[in-house]
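# Topology and contacts: notes
Each chain is listed here by its residues.
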Amino acid sequence: MNVTKGGLVLFSANSNASCVELAKKIGERLGIELGKVQVYQEPNRETRVQIQESVRGKDVFIIQTISKDVNTTIMELLIMVYACRTSCAKTISGVIPYFPYSKQCKMRKRGSIVSKLLASMMCKAGLTHLITMDLHQKEIQGFFNIPVDNLRASPFLLQYIQEEIPDYRNAVIVAKSPSSAKRAQSFAERLRLGIAVIHGEAQDAESDLVDGRHSPPAAKGVTAPGIHPTLEIPLMFPKEKPPITVVGDVGGRIAIIVLPKKEQHALHITHMLWVLAG
């Protein structure tokens, strides 16, 4: 994208303080001031956006981080994009470090692919370019009909480990589950460290494989419509999860746990620390 500073406008949403702080740091790095925009909530929780400067024929970048109130931040972004579109902006790029609803990118049971819906809403609102980081699945880029830059945080994380952990050579990269072993192996290979895997970690329903075992019939002898009455459907038992174990040597070593961004909450980390220390 060929963008000149004279025709560039940088807006920050009003979702939380981190969003404004990130936008200010980006503006300082580019040597420009933040654009003037007012984003606030009506008493009935409706989002109102007022662009307070001209964006006609300019390249607009909207910074939006995702807070705990995910739906409000999404509406802020959509309304800001639409406001810039109706104000005749040349291009509108959304900078969203974490793409919301990215874990709902596959059909589960009788659910829906919500990330596809969100991608369609962003494109319909007028977004012309998306910049995000570490999508839950790379295939989500195919939900958009606009360019998507899926940046990687791993180079900065590796640099942080090398600079901030004095004895990182005595560390081991720990994958929280076998499904995340591939990402952990990538870290281990670039740092030339060993790897360990937590096996049997409890998974939520969103990541469990759906094979019909949660569906009826729950007892033997029950027949479904259209099936011969003498044919019995076998009883299906729920899957039993294996006990939690650690595969690999972590004794006396620094454990660096590789977690997806969505699962970096205190309870989850405390649980795995207890397993490693056990």
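First things first, this report covers the structure right here in the doc. Numbering of residues begins from 1 in every chain and follows the order in which that chain's sequence is written. In view of the model being predicted, local features appear only for residues whose pLDDT reaches at least 70, and side-chain atom pairs are presented and counted only at 80 or more, with totals across whole chains, interfaces and linings using the full set of residues. The side-chain quantities take in all heavy atoms of the structure and omit both hydrogens and water.

## What about the overall build of the protein?
Filter applied, for reference: Strands are runs of DSSP state E lasting at least 2 residues, helices are runs of H or I lasting at least 4, and numbering of each runs from the N terminus. A simple rule labels every residue: compare its accessible area, found with a 1.4 Å probe on the protein chains alone, to the largest value its type can have, and call it buried under 20%, exposed over 50%, or partly exposed in between. Two residues form a contact once any of their heavy atoms are found within 4.5 Å.
In terms of regular secondary structure, the protein is built from six helices and 11 strands. The buried share among the 278 residues of the protein stands at 38%. In the protein, 64% of the contacts between residues at least 6 apart in sequence involve partners at least 24 apart.

## Regarding the environment of I244
With respect to the helices and strands, the residue I244 is situated in the loop between β9 (194-199) and β10 (245-247). Along the chain, I244 and I198 lie 46 residues apart, while their C-alpha atoms are 6.9 Å from each other.

## Focus: the sheet that holds strand β8 (residues 171-175)
Hydrogen bonds along the backbone pair up the strands of a sheet, which may run parallel or antiparallel. So the rule is basically this: Each pair of strands is called paired provided DSSP finds at least two bridges between the two strands. To define axes, lines are fitted to C-alpha atoms, for helices over the stretch in contact only, and angles between the resulting N-to-C directions are given on a 0 to 180 degree scale.
Read from one edge of the open sheet, four strands run β10-β9-β8-β11, paired in mixed fashion. Each having just a single partner strand, β10 and β11 (254-258) make up the two edges of the open sheet. For this sheet, the mean angle separating the axes of adjacent strands, direction not counted, is 30 degrees. For β8 and β11, the ladder comprises five bridges, and the chain directions are parallel. The residue bridging V174 from the neighbouring strand is I257, located in β11.

## Description of the packing of aromatic side chains
What describes a pair of aromatic rings is the distance from one ring centre to the other and the angle between the planes of the rings. The following threshold applies: Think of it this way: a Phe, Tyr or Trp ring, Trp meaning its six-membered ring, pairs with another when their centres are within 6.5 Å, and the plane angle makes it stacked under 30 degrees, edge-to-face over 60, tilted otherwise. Only Lys NZ and Arg CZ are tested; either one counts as a charge over a ring when it is within 6 Å of the ring centre and within 35 degrees of the ring normal.
Across all of its chains, the model carries one aromatic pair by this definition. Here F99 and F144 contribute two aromatic rings whose centre-to-centre distance is 5.6 Å and whose plane-to-plane angle is 70 degrees, an arrangement assigned as edge-to-face. With F99 in the loop between β5 (91-96) and α3 (114-125) and F144 in the loop between β6 (129-133) and β7 (148-151), the pair connects residues that are 45 residues apart, well separated along the chain. Of the residues examined, F99 reaches a relative accessible area of 1% and is grouped as buried. When its relative accessible area of 9% is taken as the criterion, F144 is described as buried. The aromatic ring of F187 is capped on one face by R190, whose charged end is 5.8 Å from the ring centroid.

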